[in-house]
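A structural walkthrough
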Amino acid sequence: MKEALLVLRDGTVFEGRFFGAEGETIGEVVFNTSMTGYQEILTDPSYKGQIVTMTYSQIGNYGLNEEDIESEGGIKAEGFVVKEACSFPSNWRSSLSLDEYMKKSDKTGIQGIDTRALARHLRDYGAQMGIISSIDLNPESLLKKVQRHPGISALDLVKEVTAKERYKWTEGVWRWASKESSEFGLRPMAEGSYRGVRSTTHGSSELNSAISNQQSAIKKVVVYDFGVKFNILRNLADAGFDITVVPAMTPAEALLEMEPDGIVLSNGPGDPETVTYGIENAKKIMSKKPVFGICLGHQILGLAMGGRTYKLKFGHHGGNHPVKDLATGRVEITAQNHNYCVDINSLLGQARLTHKNLYDGTEEGMEHAELPVFSVQHHPEAGPGPNDSLHLFKRFREMIERNEG
């Protein structure tokens, strides 16, 4: 297998072998501690601009398929770093190997390096720009290329992953169904968009009753797409929402004309300060409708309130981060993917802290002191990760119902 190099901005060089598409790619190198869920991670728009390093030793064991994606258009991460990319996946749902999936998305990866050493380096010296190449094996040449890159904080990555036009979403969370009652395929949605869906007829009368009750009390929600994951939309559907997704640049006035019951500011990639249009729109909608912010949406809300954000040394990326709900004292294990954090002290009493990360004490959630607005830094939708925080979608619906009263 052909050699490849990973060169970090500080001059550190890792030698390995390329997999996926032959070529060269630049991005901010981060590490993710999840043991599974590599397909969801690769297709998460929040990873746009980043090269993802998996700390688990073997990736690709159960292959990939056309259904477990978190966005359309293939892989969003710029590159992939693993200890070993499994060449012989084994799973009844698998249709592609990791190598084949990377080739299909024209993405370059590197394997055969000491990913534990790389993760320790990033932890000690911080996340930094890096370059993977299988076509230029000169470390000095690659170092010059990566040092010329302005860094992702200089880029508005949201514009590269947001929807091109408004669309409706109806798919709920996928549930197991019998062979006779399930079918896979494409179903047309409103606005001319299509989504891969799984249609199921559930055998549980209790479940069918719950779904029927949700539909009888449907609430309209509009989602600002800063790079939204499909699992956020699925969980909103399960919570009983009629969902419309709009591009990130949609003016607040146009969104409010849609008369939603609530508004969601989604996750997304990059530095929140570059998303100036999102910040300005958030300022206009906060006092008009209940708002729920997730990850980048949380950061945008913090900036819209007049606060500030700061960059973490190596970010939080993985599916095992403990977060404490300060109101209940409950500790939840959460999925996370972010490099920036809201400084709650900069909000001057406009918002209060609701969640705290137990690894490093950083802010994980807030709520407005007066308005029906709350947000979290972690990912309650998981995909991949634990489901401890799924109740936040129900909390959002309950907040909308209280606001109506």
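Here, the structure is the one placed above.
Residues numbered from 1 in each chain as written. Predicted model: local features only at pLDDT ≥ 70, side-chain atom pairs only at ≥ 80, totals over all residues. Heavy atoms only, no water.

Here we come to unusual backbone geometry. The linkage connecting Gly383 with the following residue, Pro384, adopts the cis geometry, with an omega of 5°. Among the secondary structure elements, Pro384 is positioned in the loop between strand E21 (373–376) and helix H11 (391–404). You will see that Glu259, though not glycine, has its phi angle at about 55°, which is positive. Among the structural elements, Glu259 can be located in the loop between helix H8 (252–256) and strand E15 (262–265). The class of Glu259 is exposed, set by a relative accessible area of 58%. Positive phi is not limited to glycine here, since Leu348 has a value of about 50°. (Helix = DSSP H or I, 4+ residues; strand = E, 2+ residues; numbered from the N terminus. Buried < 20%, exposed > 50% of the residue type's maximum accessible area, 1.4 Å probe, protein only.)

Looking now at the pattern of salt bridges. A full pass over the atoms with the stated rule returns 23 salt bridges. When the shortest N-O distance is used, the salt bridge between Arg330 and Glu332 registers 3.7 Å. Taking the shortest distance from any N to any O, the salt bridge between Arg352 and Glu367 comes out at 2.8 Å. A residue pair is termed long-range when its members are at least 10 positions apart, and Arg352 in strand E19 (residues 351–357) and Glu367 in strand E20 (residues 363–368) qualify at 15 residues. Its relative accessible area of 23% is what places Glu367 among the partly exposed residues. (Salt bridge = Lys/Arg side-chain N within 4 Å of Asp/Glu carboxyl O.)

With that out of the way, let us pick up the pairing of strand E18 (residues 331–343). Summarising burial for E18: eleven of the 13 residues are buried, a large majority. Two elements, strand E17 (residues 308–325) and E18, share eleven bridges in a ladder whose sense is antiparallel. Note on E18: the bridge partner recorded for Thr309 is Val342. (Pairing = 2+ DSSP bridges.)

With that settled, the discussion passes to a nonpolar patch on the surface. A surface patch of nonpolar side chains, about 230 Å² in accessible area, is lined by Val331, Ile333 and Leu358. Looking at the secondary structure, you find Val331 in strand E18. (Patch = residues over 30% accessible without salt bridge, like charges linked within 9 Å, V, L, I, M, F, W, Y side chains within 5 Å. Areas by Shrake-Rupley, 256 points an atom, 1.4 Å probe, with all protein chains shown as cover.)

Pairing is mixed in the closed barrel, where seven strands are placed in the order E1-E2-E8-E6-E4-E3-E9. Taking the axes of each pair of neighbouring strands and ignoring which way they run, one obtains an average angle of 35° across the sheet. Sheet topology note: the strand E3 (residues 24–32)/strand E4 (residues 50–54) ladder contains five bridges and is parallel. Bridging across to E4, Val29 finds its partner in Ile51. Relative to E3, helix H3 (residues 115–125) is tilted by about 80°, and along the sheet it contacts strand E1 (3–8), strand E2 (13–20), E3, E4, strand E6 (79–82) and strand E9 (128–133). Helix H4 (residues 139–148) rests against E1, E2, E3 and E9 of the sheet, and its axis sits at about 45° to E1. (Axes fitted to C-alpha atoms, helices over the stretch in contact; angles between N-to-C directions. Contact = heavy atoms within 4.5 Å.)

The next thing to look at is the packing of helix H9 (residues 276–285) against helix H10 (residues 296–304). Relative orientation of the contacting elements H9 and H10 amounts to 70°, with a least axis distance of 8 Å. Here H9 lies roughly perpendicular to H10, going by the angle between them. The chirality of how H9 crosses H10 is right-handed. Across from Gly278, Ile279, Ala282 and Lys283 in H9, the residues of H10 making contact are Ile300, Leu301, Leu303 and Ala304. Split by residue class, the contact of H9 with H10 holds six nonpolar, one polar and one charged. (Parallel < 35°, antiparallel > 145°, perpendicular 65-115°, else oblique. Left-handed = near helix turned anticlockwise from the far one by under 90°. Nonpolar A, V, L, I, M, F, W, Y, C, P; charged D, E, K, R; others polar.)

This part is about the side chain of Gln336. One can find Gln336 in strand E18. Here His338 takes part through its side chain, which lies 2.9 Å from a polar atom of the side chain of Gln336. The contacts of Gln336, once residues within four sequence positions are left out, are His316, His317, Gly318, His321, Val323, Asn357, Glu364, His378 and His379. (Polar contact = N/O pair within 3.5 Å; in protein donor to acceptor, adjacent residues only side chain to side chain.)

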